[in-house]
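# Remarks on the overall topology
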Amino acid sequence: MQRTILVTGGAGFIGSHLVRLLVNKYPDYRIINLDKLTYAGNLTNLKDVESRPNYEFVKADIVDAAAILQLFKDKGIDGVIHLAAESHVDRSITNPTEFVFTNVIGTVNLLNAARACWNDAFSGKRFYHVSTDEVYGALAPTDSMFTESTRYDPHSPYSASKASSDHFVRAYFDTFGLPTVISNCSNNYGAYQFPEKLIPLFINNIRNNKPLPVYGRGENVRDWLWVEDHARAIDLIFHKGKNGDTYNIGGHNEWKNIDLIRLMCRIMDAKLGRPAGMSEGLITYVKDRAGHDLRYAIDSSKLQRDLGWTPSLQFEEGIEKTIDWYLANPDWLEQVTSGAYQQYYEQQYKGR
Ligand code: NAD
Ligand code: TYD
């Protein structure tokens, strides 16, 4: 094998798309997927690549510094693409501490292990940290988009923990010369997203005729990017990005929540053979999220200019494709909502 790449959080939503891309595109790389398998980790997402000779799964917790160091020693890791995180804002409001452990301490443990094992011989090595646009805070409706030099201003415990981890990654580049790179991406959507996030939750609820809980007045704006375009951007930045640099990733695709929800209702009424307007009746305005950021919008022109990346899908096409995927995979949704997916590791991997 030419290179050994450690992907953390590869059983999650974005991580599983990235692992699939890397395993298929680089047969000469050994791809190690390290994941704790929290509620958000789902190994059934990777059934199609789990038997490939260049793929390996390791169940481990990045908060366990000794286990992470041992893994680096045992596996001869050349590159890290770090996605493992607690990622849901609402959960960070109910349990902020878990976000500090995984997102901050877990990241520092990985940085320390890379430093210890690479031992200042950094040629051919890279530590890539995958982050979010939420570190930049919230925009007013008329503000211009976040750029790579926008001042950090996180508001939720989730974004505060991601901002903190970004600072540590930069500090290890500045202080120790560790070859790091960071990207900050906007909201992703697509197949295999855990149905606690807006798009898969609402698709599932529309499908089951359940209420659609819109926070506040639905006026908040998010900038949506198809997850496979994010995975392509990560691959590009990992291979071609500059050490010490940050790249913003986004789709130039801002949607007010309520407009997006109405669009999903319209598409799904047509696909489910319901009378036009029926699913909109499920919309239920509920208490706003505490500290709810009004608007995110990201300027990804640096990535487009320097590395030639552009999103491949228009949103109207992407959202339809995504709805089609969830409707074609009711078993996946049912296994996730029932918790059955959590037995897959015991059934398929243990004792291998
Ligand atoms: P996710 O919640 O779907 O997956 C996270 C994965 O990390 C899961 O497989 C989980 O089991 C694993 N994990 C959690 N704690 C761990 C620990 N202590 N040790 C090892 N593994 C652990 O998240 P996602 O949406 O795929 O996001 C992946 C990364 O991308 C995160 O770092 C997130 O901050 C970032 N990001 C996400 C979005 C988005 O819209 N989803 C946008 C920009 C950036
Ligand atoms: P989410 O998918 O949780 O992503 P993030 O908070 O990281 O942007 O939420 C996207 C938007 O949808 C956000 O403005 C909150 C809103 N939202 C609802 O209105 N209702 C819901 O049930 C959820 C989960 C989110």
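Our subject is the structure listed above.
Everything in this summary refers to the structure shown in the same document. (Residues numbered from 1 in each chain as written. Chains lettered and ligands numbered in written order. Predicted model: local features only at pLDDT ≥ 70, side-chain atom pairs only at ≥ 80, totals over all residues. Heavy atoms only, no water.)

### Looking at the site of ligand 2
Of all residues adjacent to ligand 2, which total 18 residues, the nearest are Glu134, Pro213, Arg222, Arg289 and His292. In this structure, Asn187 approaches ligand 2 through a side-chain N or O atom, which is 2.9 Å from an oxygen atom. Between Tyr215 and ligand 2, the recorded distance is 2.9 Å, taken from a backbone N or O atom to an oxygen atom. When the free accessible area of ligand 2 is taken as 510 Å², the share hidden by the protein chains comes to 97%. Where the shell around ligand 2 is concerned, the elements lending two or more residues are α6 (198-207) and β8 (212-215). Tallied by class, residues from the shell around ligand 2 come to eight nonpolar, five polar and five charged. (Near = heavy atom within 4 Å. Polar contact = N/O pair within 3.5 Å; in protein donor to acceptor, adjacent residues only side chain to side chain. Areas by Shrake-Rupley, 256 points an atom, 1.4 Å probe, with all protein chains shown as cover. Helix = DSSP H or I, 4+ residues; strand = E, 2+ residues; numbered from the N terminus. Nonpolar A, V, L, I, M, F, W, Y, C, P; charged D, E, K, R; others polar.)

### Some words on unusual backbone geometry
Although it is not a glycine, Tyr192 sits at a positive phi angle of roughly 70 degrees. Turning to its location among the elements, Tyr192 is positioned in the loop between β7 (187-189) and α6. Note on Tyr192: relative accessible area 17%, which makes it buried. Despite not being glycine, His252 shows a phi value in the positive range, around 50 degrees. Relative to the elements of secondary structure, His252 occurs in the loop between β10 (246-249) and β11 (254-256). What makes His252 partly exposed here is its relative accessible area of 44%. (Buried < 20%, exposed > 50% of the residue type's maximum accessible area, 1.4 Å probe, protein only.)

### Quick notes on the site of ligand 1
Near ligand 1 you find 28 residues, and of these Ile14, Asp35, Ser87, Tyr158 and Lys162 are the closest. Interatomic distance of 3.5 Å between a backbone N/O atom of Leu37 and an oxygen atom of ligand 1. Contact between ligand 1 and Lys162: an oxygen atom at 2.6 Å from a side-chain N or O atom of the residue. Burial of ligand 1 by the protein amounts to 96% of the accessible area it has alone, namely 840 Å². Breaking the shell around ligand 1 down by element, the ones donating at least two residues are α1 (13-25), β5 (126-132), α5 (157-176) and β7. Along the lines of polarity and charge, the residues of the shell around ligand 1 split into 13 nonpolar, eleven polar and four charged.

### With respect to the environment of Gln304
Its place among the elements puts Gln304 in helix α9 (residues 301-307). For Gln304, a relative accessible area of 27% gives the class partly exposed. Along the backbone, Gln304 and Glu219 are 85 residues apart, and their C-alpha atoms lie at a distance of 29 Å. Aside from chain neighbours lying at most four places away, what touches Gln304 is His252, Trp309, Thr310 and Pro311. (Contact = heavy atoms within 4.5 Å.)

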